[in-house]
Amino acid sequence: MKTSDSKYCKCLYFTANSLARKIDKLAQESWSKVGLSPSHAYLLMMVLEEPGIQPGFLADHLQLQPSTVTRLIEKLEEKKLLVRTTEGKMTNVYPTPKGKELLPKLKECLNEFYTRYSAILGKEESTKLVQTMGKVADKLV
């Protein structure tokens, strides 16, 4: 059944979660090529872009709870893709050489994900949707 045909199609909670599950499925398929979940992949890309980044900064930018970021970092450390260092009270996160090697594949996955949802929604509509969703999310703080 289509989401728009559901009994709850006029409910923001229902439709937002339905969309999230469908987008998550596309993202999981795109990121499976590197053996990472989308959350792990986005966190790793941020660390690759800003070596030495702090977990709090990651949490803010990824819109995740600090405890979730800690779990993601721990998993990426187990995979030998990241390392944490502590300098006084500061914790910094750095990519390992193995993590750095993944960057081209991560970019391919990101591009594939964008290409797939843009092909379904249309480039212009997908851009507008992302912008609108960001503005709505900001209002619901």
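What this report covers is the structure whose coordinates are included nearby. The shown structure was predicted, so the numbers you read here are calculated from the model rather than taken from an experiment.

1. Focus: the environment of Tyr94
Then, number 1: Here Tyr94 lies in strand 2 (residues 90-95).
Then, number 2: With 48 residues separating them in the primary sequence, Tyr94 and Met46 have C-alpha atoms 10.0 Å apart.
Then, number 3: Not counting residues within four places of it along the chain, the set of residues in contact with Tyr94 comprises Val47, Pro51, Gly52, Leu81, Leu82, Val83, Thr85 and Glu87.

2. With respect to the packing of helix 1 (residues 12-31) against helix 2 (residues 38-49)
Then, number 1: The N-to-C vectors of helix 1 and helix 2 enclose an angle of 60°; their axes lie 9 Å apart at closest approach. On helix 2, the residues touching Ala27, Gln28 and Trp31 of helix 1 are Pro38, Ala41, Tyr42 and Met45.
Then, number 2: The residue inventory of the contact of helix 1 with helix 2, partitioned by class, reads six nonpolar, one polar and no charged.

3. Observations concerning unusual backbone geometry
Excluding glycine, residues mostly carry a negative phi; peptide bonds, for their part, are mostly trans.
Then, number 1: Located in the positive-phi region is Gln63, a residue other than glycine, with phi close to 55°.
Then, number 2: With respect to the element layout, Gln63 can be found in the loop between helix 3 (55-62) and helix 4 (66-78).
Then, number 3: Looking at Gln63, the relative accessible area reads 68%, which means it is exposed.
Then, number 4: For Lys80, which is not a glycine, the phi torsion comes out positive at approximately 65°.
Then, number 5: Within the element layout of this structure, Lys80 appears in the loop between helix 4 and strand 1 (82-87).
Then, number 6: On the basis of relative accessible area, Lys80 is assigned to the exposed category, the value being 55%.

About the cut-offs
Residues numbered from 1 in each chain as written. Predicted model: local features only at pLDDT ≥ 70, side-chain atom pairs only at ≥ 80, totals over all residues. Heavy atoms only, no water. Helix = DSSP H or I, 4+ residues; strand = E, 2+ residues; numbered from the N terminus. Contact = heavy atoms within 4.5 Å. Axes fitted to C-alpha atoms, helices over the stretch in contact; angles between N-to-C directions. Nonpolar A, V, L, I, M, F, W, Y, C, P; charged D, E, K, R; others polar. Buried < 20%, exposed > 50% of the residue type's maximum accessible area, 1.4 Å probe, protein only.

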